[in-house]
Amino acid sequence: MMGTILQALGETLYMVGISTLLSVVIGFIPAVILTITAKDGLHPNKAVYGVLDFLVNVFRSFPFIILMIIIIPFTRLVAGRAIGTTAAIVPLTVSAIPFVARVMESALRSVDPGVIEAAKSFGASDAQIIFRVYMKESVPSVLAGITLTVINLVGYSAMGGALGAGGLGDVAIRYGYQEYRIDYLIVTSLVLIVFVQLVQYIGNKLYDFSL
Amino acid sequence: MIEIKNLCKKFGETEILKNVSLHIDDGEIYGIIGQSGAGKSTLLRCIDGLETYDSGSLEVMGKEISGISGKGLRAFRKQIGVIFQNFNLLKRNNVYDNVALPLQFWGAKKNSPESKKKVMNLLKLVGLTDKVHSKPSELSGGQEQRVAIARALVLDPKVLLCDEATSALDPQTTKDILSLLLRINSEMGITIVIVTHQMEVVKQICSRVAFIKDGRIVAEGKPEHLFVMPNDDIKQFLGGMPDVLPKTDVNIQLFFTDEHAADPVITRLARNLGIDFSIVWGKIENFRSDVMGSLVINIKEKDKNRVAEYLNQQKVLWEVLK
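From a predicted model like this one, the values you see are computed outputs, not experimental measurements.

What counts and what doesn't
Every chain is numbered independently, its residues counted from 1 as its sequence is written. Whichever chain is written first becomes A and whichever ligand is written first becomes 1, with later ones labelled in order. Note on the predicted model: pLDDT of at least 70 is required for a residue's local features to be given, and 80 or more for side-chain atom pairs to be given and counted; whole-chain, interface and lining totals, by contrast, use all residues. In computing side-chain properties, one takes all heavy atoms of the structure into account and sets aside hydrogens as well as water. By the convention used here, residues are in contact when the closest approach between their heavy atoms is within 4.5 Å. Once two parts are brought into contact, the accessible area they lose, counted with a 1.4 Å probe and summed over both, makes up the buried area. A pair is scored as a salt bridge if a Lys or Arg side-chain nitrogen falls within 4 Å of a carboxyl oxygen belonging to Asp or Glu. We place a 1 Å grid over just the protein atoms. Points where a 1.4 Å probe fits but has no way out form a cavity, open points with protein on both sides within 12 Å along at least 5 of 7 lines form a pocket, and any residue with an atom within 4 Å of a point lines it. Grid points are joined across faces, edges and corners, and a volume is the space filled by probe spheres set on the points. Segments assigned H or I by DSSP are reported as helices when at least four residues long, segments assigned E as strands when at least two residues long, and all are numbered from the N terminus. Amino acids outside the nonpolar list (Ala, Val, Leu, Ile, Met, Phe, Trp, Tyr, Cys, Pro) and the charged list (Asp, Glu, Lys, Arg) are all regarded as polar, and Gly is one of them. Take the residue count of a helix, subtract one, and multiply by 1.5 Å to get its expected span. Three labels apply to residues, based on accessible area from a 1.4 Å probe with only protein chains included: buried if under 20% of the type maximum, exposed if over 50%, partly exposed otherwise in between. What pLDDT conveys is the predictor's confidence in a given residue, as a value from 0 to 100. Every patch collects residues that have over 30% relative accessible area and no salt bridge, joining them within 9 Å if they carry like charges and within 5 Å if they are nonpolar side chains (Val, Leu, Ile, Met, Phe, Trp, Tyr). Note on areas: Shrake-Rupley, 1.4 Å probe, and residue coverage restricted to the protein chains presented here. Each pair of strands is called paired provided DSSP finds at least two bridges between the two strands. Orientation is described by axes fitted as lines to C-alpha atoms, over the contacting stretch for helices, and by angles from 0 to 180 degrees between their N-to-C directions. Put simply, a disulfide is two cysteine sulfurs that come within 2.5 Å. Under the pairing criterion, centres of Phe, Tyr and Trp rings, with the six-membered ring standing for Trp, must be within 6.5 Å; the plane angle then separates stacked pairs below 30 degrees from edge-to-face pairs above 60, leaving the rest tilted. Roughly parallel means an angle under 35 degrees; roughly antiparallel, over 145; roughly perpendicular, 65 to 115; everything else is oblique.

*Asks:* What is the right way to read the interface of chain B and chain A from this model?
*Replies:* When the parts come together, some accessible area is lost, and that loss is often what is quoted as the size of the interface. Counting residues at the interface gives 24 residues for chain B and 21 residues for chain A. Both sides of the chain B and chain A interface together cover about 2000 Å² of buried area, and 54% of this is carbon and sulfur. Interface area lost by chain B to chain A is led by B:L90, B:R92 and B:F105, which between them contribute 36%. In this structure, the connection of chain B to chain A is made through one salt bridge.

Encoded structure:
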């Protein structure tokens, strides 16, 4: 049993790790655009903000399990196949991008507007304000957002098991649920609990350190 | 240095600035005083191009602000330092990095020898050489504002704008910051424009002051004249005369400014005219280096003309209080 669970843990780490990385990198772009075009942003633009805001909401409204099925053609296009651990990274990333965009937007917008104004008053360009002020000042909230994203993705990845993604969720369903192996259910749950606690602990430490 | 003519500004339907005109000379410390919401901060933001205006003209160093944008505006702002009520330091940068940030905006490396020299010299000027590596959260309000002042000076500005810079500080710290500003003005020749609602600030360091009310400038001049002989708007702002003056006979307020501040006017008045009167109210205030005062005396109705004549003859400023 331990071997199966260890292998599944490895798969979960792989899926969550890669999809966190991708979704944070990709999700940051709409987050920055939302921040800039918001009412109190550097270049308020109702149209751009409105459209992007709408899209983010649309993608966030899909339950993960539905989204996963809907984007199967896209998954096949990107990963070459629709089933398996690597393929699961595609729907995980797609579902996390709007989440990351929202979390990062609120992190960036929490930067004191006075500090932005000060930067402007020294003649900073927009790019400098984004990279040297917004991003620098929002690091603690961004880290908190990434922690939240990782934990969210751990939960989603368990659902991925339903489409043969492997990982802890898959083990829990296959052995625990379908074969009535309560011990598998308990151990996978415990591993997930410990994992999430650990992620939150590290996230909190990084947050404190970055203040 | 700064020439403002008929400046108007609206936020939606509300007029924030109405026909504001003023002139600020090179090298002076100019105060803009008024209550919260009077439009003074908006005026200051217009000077730095952080806010646009609807009509009128605003020239800084001969350049019309509304005519510059993009790169030109950035280059313009480089010449104008600003400090704020809430200091607006980057929380995650230490003192050195905060001061060096504007240099980085203009392409300098923060640890280059020139940058280092510049930042350290300014930290010496503001008295914070021992806090180079501290984070803003480890500093007191006064220290934070000193860092902000060093940061505002790091690009060698010609003008320093202070937006309620001492409003969040206690009286002693306010005094210290003001004397630092005075030093910066006299040693570096930087023109300083101060927006404030604190009369103390204006009294202590401003050479001239504009009093702004509901978006309009209602008085302008030397602080000693404005505050010792206030017009009705300023009286209202200052809280007016205490309500302790006698209701009978005639109350006359005498103003002791400049050359008359030290003359023994009162005793001479009594002796020369051979009359009796009571002193019912008085105050003495410091303006930069000058002492100014005002006194209210209560005289008999029958003495009024003689007293008036005598005071005019002595060139003492006075008015009858009603």
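*Asks:* Explanation requested: empty space enclosed by the protein in the structure shown.
*Replies:* In this approach the atoms are scanned with a rolling probe the size of a water molecule, which exposes any empty space left behind. Residues and elements named next belong to chain A. Counted according to the given criterion, the structure contains five cavities of 30 Å³ or more. What the largest cavity holds in volume is close to 70 Å³. Around the largest cavity, the lining residues are M68, I72, T75, A82, G84, A87, A88, P91, G160, L163 and A165. Counting residues per element, the ones that place at least two in the lining of the largest cavity are helix 4 (72–79) and helix 5 (85–109). With three residues, helix 5 is the largest single contributor of residues to the lining of the largest cavity. By residue class, the composition of the lining of the largest cavity is eight nonpolar, three polar and no charged.

*Asks:* What should I look at first to understand helix 5 (residues 141–153) of chain B in this one?
*Replies:* In an α-helix, one full turn covers 3.6 residues, which means residues spaced three or four apart are oriented alike. For helix 5 of chain B, spanning 13 residues, the distance from its first C-alpha to its last is 18 Å, which sits close to the expected 18 Å at 1.5 Å a residue. For helix 5 of chain B, the full list of buried residues reads B:G142, B:E144, B:Q145, B:R146, B:V147, B:A148, B:I149, B:A150, B:R151, B:A152 and B:L153. Against helix 6 (113–121) of chain A together with strand 6 (80–83), helix 3 (95–105), helix 4 (113–125), strand 7 (159–163) and helix 6 (171–188) of chain B lie the buried residues of helix 5 of chain B.

*Asks:* Before we go on, may I ask you to explain the confidence of the model for chain B in this structure?
*Replies:* Mean pLDDT over chain B works out to 88, with 97% of the residues at or above the 70 mark. Predicted as a complex, the structure gets a pTM of 0.83 and an ipTM equal to 0.81.

*Asks:* Got a minute to help me understand a nonpolar patch on the surface in this structure?
*Replies:* Residue and element names in this part refer to chain A. A cluster of nonpolar side chains, namely V51, F54, L55, F59, F62, I65, I66, I69, I70 and M159, defines an oily patch on the protein surface of about 880 Å² accessible area. Residue assignment for the nonpolar patch shows that the elements contributing at least two residues are helix 2 (46–61) and helix 3 (64–70). Topologically, F62 is positioned in the loop between helix 2 and helix 3.

*Asks:* Can you help me understand the sheet that holds strand 13 (residues 290–299) of chain B in this one?
*Replies:* Backbone-to-backbone hydrogen bonds pair the strands of a sheet. The strands run either parallel or antiparallel. All names here are of chain B. Taking strand neighbours across the sheet as the criterion, the four strands line up as 12-13-11-14 in an open arrangement whose pairing is antiparallel. Here the strands that pair on one side only, and so sit at the sheet edges, are strand 12 (278–287) and strand 14 (317–321). The sheet shows a mean angle of 15 degrees between the axes of neighbouring strands, taken without regard to direction. The pairing of strand 12 with strand 13 spans nine bridges and is antiparallel. Considered in strand 13, the bridge of G282 is made with L295.

*Asks:* Even after reading the chapter, I still don't get the state of the cysteines, so can you show me in this structure?
*Replies:* Put plainly, two cysteines are in a disulfide when a covalent bond ties their sulfur atoms together. Counting across every chain of the model gives zero disulfides over all chains. Note on B:C162: no disulfide assigned, nearest cysteine sulfur contributed by B:C206 at a separation of 9.0 Å.

*Asks:* Even after reading the chapter, I still don't get the pattern of salt bridges, so can you show me in this structure?
*Replies:* Residues and elements named next belong to chain A. A complete count under the given rule lists 18 salt bridges over all chains for this structure. Taking the shortest distance from any N to any O, the salt bridge between D53 and R102 comes out at 2.8 Å. Here D53, found in helix 2, pairs with R102, found in helix 5; they are 49 residues apart in sequence, far enough to count as distant. Across the pair E105 and R109 runs a salt bridge, and its minimum N-O distance is 2.9 Å.

*Asks:* Honestly, the packing of aromatic side chains in this entry has me stumped. Any pointers?
*Replies:* Here a ring pair, both rings aromatic, is described through the centre-centre distance and the interplanar angle of the planes. Residues and elements named next belong to chain A. The tally for this structure, following the rule as stated, stands at three aromatic pairs over all chains. Seen in terms of ring centroids, F64 and Y156 are 4.8 Å apart; in terms of plane orientation they differ by 5 degrees. Their pairing is stacked. Taken together, the residues F64 in helix 3 and Y156 in helix 8 (residues 139–160) connect sequence positions 92 residues apart. The buried category is assigned to F64, whose relative accessible area is 5%. Here Y156 falls in the partly exposed class, since its relative accessible area comes to 25%.

*Asks:* Help me understand the pairing of strand 13 of chain B, please; the structure alone is not making it clear to me.
*Replies:* Put simply, side chains in a regular strand alternate between the two faces of the sheet. Residues and elements named next belong to chain B. Of all 10 residues in strand 13, eight are buried, a share of seventy percent or more. In this structure, strand 11 (residues 250–256) lies alongside strand 13, joined through seven bridges in antiparallel fashion. Counted as the bridge partner of I252 is I297 from strand 13.

*Asks:* Where do I start with the packing of helix 2 of chain A against helix 5 of chain A in this structure?
*Replies:* For any two helices packed against each other, one specifies the inter-axial angle together with the distance between the axes. All names here are of chain A. Closest axis-to-axis distance for the helix 2/helix 5 pair is 8 Å, and the angle between their directions is 130 degrees. Judged by the angle between their axes, helix 2 and helix 5 are oblique. Only P98, F99, A101, R102, E105 and R109 of helix 5 make contact with helix 2, whose side of the interface consists of Y49, D53, V56, N57, F59 and R60. Partitioned by chemical class, the residues of the contact of helix 2 with helix 5 number six nonpolar, one polar and five charged.

*Asks:* Explain the sheet that holds strand 3 (residues 29–33) of chain B to me, please; I cannot follow it from the model alone.
*Replies:* All names here are of chain B. If you walk across this open sheet you meet the six strands as 6-7-8-3-9-10, and the pairing is mixed. In this open sheet, the two edge strands, each paired with only one partner strand, are strand 6 and strand 10 (216–221). Each adjacent strand pair in this sheet contributes to an overall mean axis angle of 15 degrees, direction not counted. Both strand 6 and strand 7 contribute to a ladder of four bridges, which runs parallel. Looking at strand 7, one finds that I83 is bridged to C162.

*Asks:* Explain the pairing of strand 10 of chain B here, please?
*Replies:* All names here are of chain B. Bridge count for strand 9 (residues 208–213) against strand 10 is five bridges, and the pairing is antiparallel. Each residue of the ladder has a partner; that of K213, found in strand 10, is R216. Connecting strand 9 to the next strand, strand 10, in antiparallel fashion are two residues, including D214 with a positive phi near 50 degrees.

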